[in-house]
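Topology and contacts: notes
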Amino acid sequence: MAGVFITCAITGSGDTTSKSALVPITPQQIADAAIDAADAGAAIVHIHVRDPETGDPARDVELYAEVVERIRASSTDVVLNLTSGMGGDLTLGSAEQPLPPADEGTDMAGATERLAHVRELMPEITTLDCGTMNFGEGDYIMVNSPSVLDEMARQVQKLGVRPEIEIFDTGHLWLAKRLVDQGLIDDPVMVQLCMGIPWGAPDDLNTFMAMVNNLPDDWIFSAFSLGRSQLPYVGLAAIAGGNVRVGLEDNIYLSRGQLATNADLVARAVTILEAMNYEVLSPEAVRDKLHLTKH
């Protein structure tokens, strides 16, 4: 069987810290969790940072720097994937008076500012959230306009960092193909199919396979879903010809009522894949597959 790599999304930016004390918050906790996930079998760790005092999502370069420095200083090898999704957050004022936007929950930054930590720390991979969509409940909108994505892709390409294009719905796939057609994304093209996130593509089998079947044959993809669907998607993504993502960003449980660590979820993914006779790829194998440059 073909080799499959595991990405572990360590902490995310959602309100999970109030639901599980195992979700890492401080740079040291995030770095330690990433190292543990890598030791458990993750080839890639996907990193967000949080305010160490409040646990709220953050995008301070200094916080990313501490996480990255701790991981690089460890004896554990792992591919670093830093989000660049932060800075595209818009919360409207209300249903009746959308403007001006609410101060709380709104953080809009330009392409260059959103990539400040990538430029400073030079990870092997950074994410591009390929589209704008309603996200969760209330008045929050994830904002990624075509012009911002064009500029972010252009800057990432110039840096020599591999973009991981985050696809939340079918229109995002259309936009990703446009970026590639414009020459802003180099081969091999890498995408993440993000399933079951309100209000994007639902995680039913028909929708998932429609997304997979519309990917160009030479693109490399991973896929995941949220909550209880995360671990079933390990097997499903592999069978569909892709790679897998697990982690506390998307799911905080190992089983019903049992809170997980990131390492727990990675270890379970390894068990599932090996039981299905898939080889779990190492960080070095992933660097070769994705043509990554380790800094």
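The sections below set out a description of the structure shown in this document. (Residues numbered from 1 in each chain as written. Predicted model: local features only at pLDDT ≥ 70, side-chain atom pairs only at ≥ 80, totals over all residues. Heavy atoms only, no water.)

Side note on the packing of helix α1 (residues 27-40) against helix α9 (residues 262-275)
Following both chains from N to C, one finds α1 and α9 inclined at 15°, their axes separated by 8 Å at the closest point. Relative to α9, the element α1 is oriented roughly parallel. When the axes of α1 and α9 are compared, the crossing they make is right-handed. On α9, the residues that touch A33, D36, A37 and A40 of α1 are N262, A263, V266, A267 and V270. Of the residues in the contact of α1 with α9, the class split is seven nonpolar, one polar and one charged. (Axes fitted to C-alpha atoms, helices over the stretch in contact; angles between N-to-C directions. Helix = DSSP H or I, 4+ residues; strand = E, 2+ residues; numbered from the N terminus. Parallel < 35°, antiparallel > 145°, perpendicular 65-115°, else oblique. Left-handed = near helix turned anticlockwise from the far one by under 90°. Contact = heavy atoms within 4.5 Å. Nonpolar A, V, L, I, M, F, W, Y, C, P; charged D, E, K, R; others polar.)

Quick notes on the environment of A263
Here A263 is to be found in helix α9. Along the chain, A263 and I35 lie 228 residues apart, while their C-alpha atoms are 8.8 Å from each other. Discounting chain neighbours no more than four positions away, the residues touching A263 are D36, A37 and A40.

Focus on empty space enclosed by the protein
Going through the model one piece at a time under the given rule, you end up with one cavity of 30 Å³ or more. The space that makes up the largest cavity amounts to roughly 50 Å³. Contributing to the lining of the largest cavity are R59, Y64, T83, M86, E113, R114, A116 and H117. Of all elements in the fold, only α3 (111-114) and α4 (116-121) reach the threshold of two or more residues within the lining of the largest cavity. (1 Å grid on protein atoms, 1.4 Å probe; cavity = no way out; pocket = protein on both sides within 12 Å on 5 of 7 lines; lining within 4 Å. Points joined across faces, edges and corners; volume = space filled by probe spheres on them.)

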